[in-house]
Amino acid sequence: MATPFCPAAACRLSVAVPPAAPATRARRRGMVAVRAEAGEGGGINPAIRKEEEKVVDTVLVGELAKPLTAYCRCWRSGTFPLCDGGHVKHNKATGDNVGPLLVKK
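Residues numbered from 1 in each chain as written. Predicted model: local features only at pLDDT ≥ 70, side-chain atom pairs only at ≥ 80, totals over all residues. Heavy atoms only, no water.

Engineer: Before we go on, may I ask you to explain helix H1 (residues 86-94) in this structure?
Structural biologist: Because an α-helix packs 3.6 residues into every turn, residues spaced three or four apart end up facing the same way. Taken residue by residue, H1 has His-87, His-90 and Asn-91 as its buried positions. Along the long axis of H1, the arc covered by the buried residues comes to 100 degrees, so they all point the same way. Relative to its buried face, H1 has exposed residues pointing more than 90 degrees away, namely Lys-89, Lys-92 and Ala-93. A positive phi of about 80 degrees marks Gly-95, the residue just after H1. (Buried < 20%, exposed > 50% of the residue type's maximum accessible area, 1.4 Å probe, protein only. Helix = DSSP H or I, 4+ residues; strand = E, 2+ residues; numbered from the N terminus. Arc of directions from axis to C-beta.)

Right, dumping it as structure tokens:
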């Protein structure tokens, strides 16, 4: 799917997770909890690029046009892989609390 950041049909999104905190630290920072629930068809992706075996997008952080970019994590965005706020309707309908992945340049 073409995006403002990648005109090719095979754009990919990768997110690097920082290494785990040393054992001596009292608490871990930067932890993320993700919850996905199956939809009617048994999957969480209702209709995005279903012809692909796996939906994977990569964007180089240095090529981002904005200092803060929101990426979809709910699979409801009409501008996938970018967030268009589709999670708001999804959250109200399901009681879920999903939101976008925010990537800072």
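Now, onward.
Engineer: Just checking my understanding: could you explain the pattern of salt bridges for this structure?
Structural biologist: The tally for this structure, following the rule as stated, stands at two salt bridges. Glu-52 is the partner of Arg-49 in a salt bridge, and the nearest nitrogen-oxygen pair spans 3.0 Å. A salt bridge links Arg-49 to Asp-57, with the nearest nitrogen and oxygen atoms 3.0 Å apart. Each member of the pair, Arg-49 together with Asp-57, is buried. Within this structure, Arg-49, Glu-52 and Asp-57 form a network of salt bridges that share partners. (Salt bridge = Lys/Arg side-chain N within 4 Å of Asp/Glu carboxyl O.)

Engineer: What's the story with the confidence of the model for the chain in this structure? I'm lost.
Structural biologist: In low-pLDDT segments, the atomic positions of the prediction should not be examined closely. Residues with a pLDDT of 70 or more make up 60% of the chain, whose mean pLDDT is 73. Model confidence for the chain, summarised as mean pLDDT per element, is weakest for strand E1 (residues 12-13) at 40 and strongest for strand E3 (residues 68-71) at 94. In the model, residues 1-18 has pLDDT below 50 throughout and makes 40 contacts with residues more than four positions away in sequence or in other chains. (pLDDT = per-residue confidence, 0-100. Contact = heavy atoms within 4.5 Å.)

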